[in-house]
Amino acid sequence: MDYFEDMWRKKIKKNVKDIVSVSDSTLISNIDASDPIPYTKELINTLKENTIEDKIKRIFCKSACHIPHEKLESAKLVYEDTNSIESARLVLESSFRKDIKEYKNLTDSQVQLILNRGWGLAGKLIDGKIIATKIPSKFHEYFLEEDTQKKKYYYCHCPRVRDAFLENDSIDSIYCNCGGGFYQDVWEYITGKEVNINLLKSLFDGDQVCQFEIEISTNSIHDSRS
């Protein structure tokens, strides 16, 4: 088991303990599958047998990978000054535009395509909610590939489970709330408010993208956790 997988399983166990119960965290410790895909399947089945779906979503959201918070400081300062989600989002979009062009070695037209589609970190603000769609993880390979399953493999960001697309396998899309937790952490840090994530589209549900609705509440994180 590599370091990433080991750390992710530790996060899952902690979050099951915090959100559900100590006994259930012990229960998932008994899952002995070493490969991430069968482990994830058994994990989801075990959780569904022992708790409600809303808590499972929260467990996966809290187990997400996070962007370093220093990359969000400019957007956070703008939000503190303006109390405007759109103003903060535009700062985030500007930073994302610069970073993604260099990181993915993209042309200006490719970057604009991403932003027009609402792909990536900033998403689009629609009716008071942010709709964010994941950018293809392996951008160039994704657009060159014609095979549907291989395109999904190149699109998926999760190194734990994306091999499932090459194996014509599938995982319950509730797992993709882990990807949604990335956006939850971004906007909780920027706004200091509770953030709800709803999975709108998932590759595992037959969609061509993974897309999330990000709803920022009026409740502060500090108040809800005090």
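Refer to the structure above for everything that follows.
This text gives an overview of the structure that appears in the document. Think of each chain on its own: its residues are numbered from 1, step by step along the sequence as written. Since the coordinates come from a predicted model, pLDDT governs what is reported: local features require at least 70, and pairs of side-chain atoms require 80 or more to be given and counted, while whole-chain, interface and lining totals use all residues. To get the side-chain values, take all heavy atoms of the structure and skip hydrogens and water.

1. With respect to the packing of helix 1 (residues 3-19) against helix 4 (residues 53-61)
Note the threshold: Axis definition: a line fitted to C-alpha atoms, limited for helices to the stretch in contact. Angles are taken between N-to-C directions and run from 0 to 180 degrees. Only DSSP runs of H or I covering at least 4 residues are called helices, and only runs of E covering at least 2 are called strands; the numbering of each starts at the N terminus. Under this scheme an angle from 65 to 115 degrees is roughly perpendicular, one under 35 degrees roughly parallel, and one over 145 degrees roughly antiparallel; angles in between are oblique. Handedness of a helix crossing follows the sense of rotation of the near helix relative to the far helix, less than a right angle counterclockwise being left-handed and clockwise being right-handed. In what follows, a contact means two residues having at least one pair of non-hydrogen atoms within 4.5 Å. Amino acids are sorted into nonpolar (Ala, Val, Leu, Ile, Met, Phe, Trp, Tyr, Cys and Pro), charged (Asp, Glu, Lys and Arg) and polar (every other residue, Gly among them).
Their axes nearest at 9 Å, the elements helix 1 and helix 4 cross at an angle of 140°. Considering their axes alone, helix 1 and helix 4 lie oblique with respect to each other. By crossing handedness, the relation of helix 1 to helix 4 is classed as right-handed. Facing Trp 8, Ile 12, Asn 15, Val 16 and Ile 19 of helix 1, the residues of helix 4 in contact are Lys 55, Arg 58, Ile 59 and Phe 60. Looking at the contact of helix 1 with helix 4, its residues break down into six nonpolar, one polar and two charged.

2. What to know about empty space enclosed by the protein
A probe matching the size of a water molecule, rolled over the atoms, marks out where space remains unfilled. Inclusion rule: In this analysis, the protein atoms alone were mapped onto a 1 Å grid. Cavities are point sets where a 1.4 Å probe fits without being able to get out; pockets are open sets with protein on both sides within 12 Å along at least five of seven lines; lining residues have an atom within 4 Å of a point. Grid points are joined across faces, edges and corners, and a volume is the space filled by probe spheres set on the points.
For the coordinates displayed, the defined rule picks out one cavity of 30 Å³ or more. Here the largest cavity defines a volume of roughly 40 Å³. Forming the boundary of the largest cavity are Val 20, Asp 24, Leu 27, Ile 28, Thr 46, Leu 47, Asn 50 and Thr 51. Residues of the lining of the largest cavity, tallied by class, amount to four nonpolar, three polar and one charged.

3. Some thoughts on the sheet that holds strand 2 (residues 129-133)
Rules: Criterion used throughout: strands pair if DSSP finds at least two bridges between them.
Strands sit in the order 1-2-4-3 across an open sheet of four strands; the sheet is antiparallel. Of all the strands in the sheet, just strand 1 (124-126) and strand 3 (193-201) have a single pairing partner and so form its edges. Averaged over neighbouring strand pairs, the angle between their axes works out to 30° when direction is ignored. Pairing of strand 3 with strand 4 (residues 211-220), which is carried by seven bridges, proceeds in the antiparallel orientation.

4. Topic: the pairing of strand 2
Rule in force here: Only protein chains enter the area calculation, which uses a 1.4 Å probe; residues under 20% of their type maximum are buried, those over 50% are exposed, and those in between are partly exposed.
Of all five residues making up strand 2, four are buried, and the element is well covered by its neighbours. Of the pairings in the sheet, the one linking strand 1 to strand 2 comprises three bridges and is antiparallel in character. Paired with Ile 126 across the strands is Lys 129, a residue of strand 2. Where strand 1 folds back onto strand 2 in an antiparallel hairpin, the turn is made up of two residues, including Asp 127, whose phi is positive at roughly 50°. Bridging between strand 2 and strand 4 involves four bridges; their strand directions are antiparallel. Paired with Ile 130 across the strands is Ile 214, a residue of strand 4.

5. Some remarks on the environment of Glu 73
Mapped onto the elements, Glu 73 comes out in helix 5 (residues 73-82). Note on Glu 73: relative accessible area 30%, which makes it partly exposed. Considered as a pair, Glu 73 and Val 91 are 18 residues apart in the sequence and their alpha carbons are 9.9 Å apart.

6. Quick word on the pattern of salt bridges
To be explicit about the condition: Put simply, a salt bridge is a Lys or Arg side-chain nitrogen that is within 4 Å of an Asp or Glu carboxyl oxygen.
Evaluation of the coordinates by the stated rule reveals 14 salt bridges. Across the pair Lys 14 and Asp 18 runs a salt bridge whose closest N-O atoms are separated by 2.7 Å. One end of the pair, Lys 14, and the other, Asp 18, are both in helix 1, four residues apart, so they sit about a helical turn from each other. Linked by salt bridges that have partners in common, Glu 5, Arg 9 and Arg 160 make up one network.

7. Side note on helix 9 (residues 148-155)
We count it as follows: We call two N or O atoms a polar contact when they sit within 3.5 Å, provided that within protein one can donate a hydrogen and the other can accept it, with sequence-adjacent residues counted only if both atoms are side-chain atoms.
Within helix 9, burial applies to Lys 152, Tyr 153, Tyr 154 and Tyr 155. Among the structural elements, strand 2, helix 8 (139-144) and helix 10 (163-166) are those in contact with the buried residues of helix 9. Capping of helix 9 at its N-terminal end is provided by Asp 147; its side-chain oxygen lies 3.2 Å from the backbone amide nitrogen of Gln 149.

Function cannot be inferred from these measures alone, as they are strictly geometric.
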